[in-house]
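Each chain, letter by letter, is given below.
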Amino acid sequence: MTERKPPGVPFESWVDKQIRDAEQRGEFDQLPGVGKPLPADLETPYDELWWIRRKMAREGLSVLPPTLALRKEAEDALAAAYAAPSERIVRKIITDVNVKLRDMMFKPPPGPPLGMKPYDVEAVVREWRERRATAGRKTAGETTAGEPTERTDP
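Computed from a predicted structure; not experimentally measured.

Asker: Help me understand the overall build of the protein in this model?
Answerer: A tally of helices and strands in the protein yields five helices and zero strands. In sequence order, the protein lays out its α and β elements as α-α-α-α-α. Counting only residues that meet the buried cut, the protein has 15% of its 154 residues in that class. Long-range contacts, defined as pairs at least 24 residues apart, comprise 56% of the intrachain contacts of the protein with a sequence gap of at least 6.

In structure tokens, the structure reads:
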């Protein structure tokens, strides 16, 4: 692509010819992203830090202050505890997050306050049991609802 545009040739047609010739030579065949769709964020306004945000998302990094990150982690842990398959796992999840909450309560980092206290393990286990019992009743009700009932007409 070191040749110069000849005089009198419109710039657009000269560039198109250069691209067409390079395609025919196969110079675009080994580029990353060949055959993949364009990213969906093309219609968003331009962001100068787009590459940093994309790299952070790819690496799983967060820019939240430590207290807000722990608050999010605690909420996720509570949801994971409610979805856990056994009571032992529920207790382990809540105990692990409570250790982190206590550490941050006694050694607060700079930034917004935590505003949370450790979870009551027994209360979470009780709620977990109730949710499992409710879910069990719902599934039992669904299986019997579709079965035919006996008629008692004379």
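Asker: Looking at this structure, how should I read the pattern of salt bridges?
Answerer: It is possible for side chains of opposite charge to pair when their charged atoms get near one another. Counting across every chain of the model gives 11 salt bridges. For Lys55, the salt bridge is made with Glu59, and the minimal N-O distance between the two is 3.3 Å. On the criterion of helical spacing, the pair formed by Lys55 and Glu59 is a turn pair, its members being four residues apart in helix α2 (residues 50-59). By relative accessible area, which is 40% here, Lys55 ends up partly exposed. Three or more residues joined by partner-sharing salt bridges are found here, namely Glu87, Arg91, Glu122 and Arg129.

Asker: Help me out: how do you make sense of the nonpolar core in this one?
Answerer: Val90, Ile94, Leu101, Tyr119 and Val124 are the most contacted members of the largest nonpolar core, which has 18 residues in total. Those elements that provide at least two residues to this core are α3 (66-82), α4 (87-106) and α5 (121-145). Excluding residues within four positions of it along the chain, Ile94 makes contact with Ala77, Leu78, Ala81, Tyr119, Val121 and Val124.

Asker: How should the environment of Pro110 be read in this particular structure?
Answerer: Tracing the chain through its elements places Pro110 in the loop between α4 and α5. Sequence separation of Pro110 and Pro66 is 44 residues, and the distance between their C-alpha atoms is 8.3 Å.

Asker: What am I meant to see in the confidence of the model for the protein here?
Answerer: Do not read the predicted coordinates in detail wherever pLDDT is low. Mean pLDDT over the protein works out to 83, with 88% of the residues at or above the 70 mark. Within the protein, no element has a lower average pLDDT than α5, which sits at 81, and none a higher one than α4, at 94. The low-confidence segment residues 144-154 (pLDDT under 50) makes zero contacts with residues lying over four places distant or belonging to another chain.

Asker: I tried to follow α4 on my own but got confused; where do I start?
Answerer: Side chains three or four residues apart in an α-helix point the same way, a direct result of the helix having 3.6 residues per turn. Counted at 1.5 Å a residue, the expected span for α4 with its 20 residues is 28 Å, and the 28 Å between its end C-alpha atoms agrees. Those residues of α4 lying buried are Val90, Ile94, Val97, Asn98, Leu101 and Met104. Taken end-on, α4 shows its buried residues confined to a sector of 125°, consistent with a single buried face. In α4, the exposed residues that point more than 90 degrees away from the buried face are Arg88 and Phe106.

Asker: Explain the packing of aromatic side chains here, please?
Answerer: For the structure on display, the rule yields zero aromatic pairs. Seen from the ring of Tyr82, Arg131 lies directly overhead, with NZ or CZ sitting 3.9 Å from the centre.

Rules used in this analysis
- Residues numbered from 1 in each chain as written.
- Predicted model: local features only at pLDDT ≥ 70, side-chain atom pairs only at ≥ 80, totals over all residues.
- Heavy atoms only, no water.
- Helix = DSSP H or I, 4+ residues; strand = E, 2+ residues; numbered from the N terminus.
- Buried < 20%, exposed > 50% of the residue type's maximum accessible area, 1.4 Å probe, protein only.
- Contact = heavy atoms within 4.5 Å.
- Salt bridge = Lys/Arg side-chain N within 4 Å of Asp/Glu carboxyl O.
- Core = buried A, V, L, I, M, F, W, Y, C linked by side-chain atoms within 4.5 Å.
- pLDDT = per-residue confidence, 0-100.
- Expected span 1.5 Å × (residues − 1).
- Arc of directions from axis to C-beta.
- Phe/Tyr/Trp six-rings, centres within 6.5 Å; stacked < 30°, edge-to-face > 60°.
- Lys NZ or Arg CZ within 6 Å of the ring centre and 35° of its normal.

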